[in-house]
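Coordinate inspection notes
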Amino acid sequence: MLSDRHAPPQQLHGTAYEQMLDKVRYQGAYPTRERADEAVRLVLAGLGRQLTGDERVDLAGCLPLEAARVLTVQIPDRQPLTGWAFVKDLATRTGASLATTRWDTGSVFSAVAAYAGPDLTTRILHQLPTGYALLFGRAELTPAA
């Protein structure tokens with residue numbers, strides 16, 4: 001009987017999720033993939049509490065399976081948070097500084113926007129309250145009066 005002790009170790013994540021982590025790690029200049037994974041899980045869980053409807057479903061369809069699970073397992077809040085309140089909420093949940101949490105959010109949202117593409121990102125930003133555009137690396141535009 002052959003031994004499997006020379007078999008490669010089981011991967012904790014799928015290849016697509018590993019690529020997402022590498023993108024976030026590069027974008028956020030994180031020292032390890034594990035640190036990027038923490039940021040991805042924190043921010044996507046938070047986004048899952050904010051996003052509803054078709055945008056939520058469509059975004060989940062664009063993300064690697066493991067990232068989509070983190071997003072969709074969350075129950076959306078009744079009252080979505082503004083962008084700044086979103087960052088403060090994540091910081092409170094983790095005990096991290098606002099600056100670190102803002103950095104994590106921008107790093108993850110940059111990768112999310114790359115997966116979603118410009119049209120879906122625009123739809124997501126139209127659904128969310130003010131303050132998210134900057135977190136996604138876009139200018140915050142206000143409608144003309």
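The rules behind these values
Numbering of residues begins from 1 in every chain and follows the order in which that chain's sequence is written. Local features in a predicted model are, by the rule used here, given only for residues with pLDDT of at least 70; side-chain atom pairs are given and counted only at 80 or more, and totals for whole chains, interfaces and linings are based on all residues. Water and hydrogen atoms play no part in the side-chain values, which are based on all heavy atoms of the structure. Where helices and strands are cited, they refer to DSSP runs of H or I of at least four residues and of E of at least two residues respectively, numbered from the N terminus. Here the term buried applies to any residue with accessible area under 20% of the maximum for its type, exposed to any over 50%, and partly exposed to those in between, with areas from a 1.4 Å probe on protein chains only. Contacts are residue-level and defined by heavy atoms, with any inter-residue pair within 4.5 Å sufficient. Values of accessible area rely on a 1.4 Å probe in the Shrake-Rupley scheme; residue burial ignores everything except the protein chains shown. The criterion is simple. A nonpolar core is a set of buried Ala, Val, Leu, Ile, Met, Phe, Trp, Tyr and Cys residues joined through side-chain atoms within 4.5 Å. Here, the arc refers to the directions that run from the helix axis to the C-beta atoms. For a helix, the expected span equals 1.5 Å multiplied by the number of residues minus one. What is called the bend at a residue is the angle between a pair of axes, fitted to the seven residues leading up to and ending at it and to the seven starting from it. Pairing of aromatic side chains here covers Phe, Tyr and the six-membered ring of Trp, requires ring centres within 6.5 Å, and sorts the geometry by plane angle: under 30 degrees stacked, over 60 edge-to-face, intermediate tilted. Counting as a charge over the ring demands two things of the Lys NZ or Arg CZ atom: a distance within 6 Å of the ring centre and an angle within 35 degrees of the ring normal.

An unreviewed UniProt entry annotates the protein chain as DUF2267 domain-containing protein originating from Streptomyces paromomycinus.

1. A word on the overall build of the protein chain
When its secondary structure is counted, the protein chain shows 7 helices and 0 strands. Scanning the protein chain from its N terminus toward the C terminus, one meets helices and strands in the order α-α-α-α-α-α-α. Across the 145 residues that make up the protein chain, the buried fraction comes to 41%. Residue pairs at least 24 apart in sequence account for 63% of intrachain contacts in the protein chain once pairs closer than 6 positions are excluded. Summed over all atoms, the accessible surface of the protein chain reaches about 8600 Å², with 57% contributed by carbon and sulfur.

2. A word on the nonpolar core
Grouped together as the largest cluster of nonpolar side chains are 38 residues, with contacts concentrated most on L44, L59 and L63. Elements with a contribution of two residues or more to this core: α1 (15-28), α2 (33-48), α3 (53-62), α4 (65-72), α5 (83-94), α6 (98-127) and α7 (132-135). Ignoring anything within four residues of it in the chain, the contact list for L59 reads L47, L51, L71, V112, A116, L120 and I124.

3. Description of α3
For α3, the complete set of buried residues consists of E55, R56, L59 and A60. Relative to the axis of α3, the buried residues are bounded by an arc of 130° and lie together on one face. Turned more than 90 degrees away from the buried face of α3 sit D54, V57 and G61, all of them exposed. The elements touched by buried residues of α3 are α2, α4 and α6.

4. Side note on α6
Counted at 1.5 Å a residue, the expected span for α6 with its 30 residues is 44 Å, but the 24 Å between its end C-alpha atoms falls short. A bend of about 115° at G117 is the largest found in α6, and the proline P118 appears one to four places after it.

5. Quick word on the packing of aromatic side chains
Any aromatic ring pair is given by two values, namely how distant the centres are and how the planes are angled relative to each other. The full count for this structure, using the stated rule, is 3 aromatic pairs. Ring geometry for F86 against F109: centres 5.8 Å apart, planes inclined by 25°, an arrangement best described as stacked. Of this pair, F86 sits in helix α5 while F109 sits in helix α6, and the two are 23 residues apart along the sequence. Looking at F86, the relative accessible area reads 1%, which means it is buried. With relative accessibility at 0%, the residue F109 sits in the buried group. Among the aromatic residues, ring-to-ring pairing joins F86, F109, Y132 and F136 into one connected group. Of note, K23 hangs over the ring of Y115, and the distance from its end group to the ring centre comes to 5.5 Å.

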